[in-house]
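# Fold and geometry: a report
Chain residues, written in single-letter form:
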Amino acid sequence: GQNIDQPTEMTATEGAIVQINCTYQTSGFNGLFWYQQHAGEAPTFLSYNVLDGLEEKGRFSSFLSRSKGYSYLLLKELQMKDSASYLCVGAGGYQKVTFGTGTKLQVIP
Amino acid sequence: DGGITQSPKYLFRKEGQNVTLSCEQNLNHDAMYWYRQDPGQGLRLIYYSQIVNDFQKGDIAEGYSVSREKKESFPLTVTSAQKNPTAFYLCASSIRSGGGTDTQYFGPGTRLTVL
């Protein structure tokens, strides 16, 4: 099975940078996803890392260290619309994923 | 536009009634999934289907049933046997690449309230 651990809540200021950490334990590792979920809406895909290192997509970047069982999502130039929950999702085995409980990010002016 | 649709967005039912939630996708994805989301918990897998006419139980299948008669459709029935059915239900789909784990794309969700 898998265990996903991420902070419950974070607050950051508009225009700043925030890093959301995620640690995972898995019996078989097949990559790690990040999703964004606004309140009452569906999760939307942000990134997928299967190799170590940093992947950048515009204002969002995701990092993975397989040896440490660790990932983070980095959000730059925060905007008010970035206020949402960010879900860390571990992939273990064929088509098997485990969702973390999510980190609720509040961006303040 | 390609995507996943779920209807209705809000659904109210009396206790003891069965209710069916619809999920349709036109992404030509082979695999479809149903999740349940409760406050303070991660999404939990109810059922999934990798191909038409085949589906598998997820982690919390008790009190639910599904069918997969068409590639595009994967309806979920919440039966009266489900002890705590009030929740946000999310349908997702993915390609089935044959190896690894494919990205799942979600529908807008149905919020079910049982009175």
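Reference entry: report on the structure contained in this document. (Residues numbered from 1 in each chain as written. Chains lettered and ligands numbered in written order. Predicted model: local features only at pLDDT ≥ 70, side-chain atom pairs only at ≥ 80, totals over all residues. Heavy atoms only, no water.)

Residue and element names in this part refer to chain A. In spatial order, the strands read β1-β3-β8-β7-β6; together these five strands make up an open sheet with antiparallel pairing. Edge positions in the open sheet fall to β1 (2-5) and β6 (53-57), since each of these has one partner strand only. The average undirected angle you get between the axes of adjacent strands in this sheet is 15°. As paired strands, β1 and strand β3 (residues 18-26) are joined by four bridges and run antiparallel to one another. Paired with I4 across the strands is Y24, a residue of β3. (Pairing = 2+ DSSP bridges. Helix = DSSP H or I, 4+ residues; strand = E, 2+ residues; numbered from the N terminus. Axes fitted to C-alpha atoms, helices over the stretch in contact; angles between N-to-C directions.)

This paragraph deals with the pattern of salt bridges. Oppositely charged side chains can pair when the atoms bearing their charge come close. In total, this model carries six salt bridges over all chains according to the counting rule given. Linking D52(A) and R66(A) is a salt bridge whose minimum nitrogen-to-oxygen distance equals 3.1 Å. Of this pair, D52(A) sits in the loop between β5 (44-49) and β6 while R66(A) sits in the loop between β7 (60-65) and β8 (70-75), placing them 14 residues apart in sequence. Across the pair D30(B) and K71(B) runs a salt bridge whose closest N-O atoms are separated by 3.6 Å. One end of the pair, D30(B), is in the loop between β3 (19-25) and β4 (31-37); the other, K71(B), is in the loop between β7 (64-66) and β8 (76-78), with 41 residues separating them in the sequence. According to the relative accessible area criterion, K71(B) is partly exposed, its value standing at 24%. One network of salt bridges, in which partners are shared, links R36(B), D38(B) and R44(B). (Salt bridge = Lys/Arg side-chain N within 4 Å of Asp/Glu carboxyl O. Buried < 20%, exposed > 50% of the residue type's maximum accessible area, 1.4 Å probe, protein only.)

Turning to the side chain of S49(B), a few remarks are in order. Residues and elements named next belong to chain B. Tracing the sequence through the fold places S49 in strand β5 (residues 44-51). Engagement of the side chain of S49 in a polar contact is seen with the backbone oxygen of I51, the distance being 3.0 Å. Within polar-contact distance, the side chain of S49 engages the side chain of R68 at 2.7 Å. Residues within four places of S49 in sequence aside, it is in contact with D30, A31, M32, D54, F55, R68 and F74. (Polar contact = N/O pair within 3.5 Å; in protein donor to acceptor, adjacent residues only side chain to side chain. Contact = heavy atoms within 4.5 Å.)

This part is about the pairing of β5(A). Inspection of the sheet shows strand β4 (residues 32-37) of chain A paired to β5(A) by five bridges, in the antiparallel sense. Paired with F33(A) across the strands is Y48(A), a residue of β5(A).

From the geometry alone we can't say anything about function, so treat these as descriptive.
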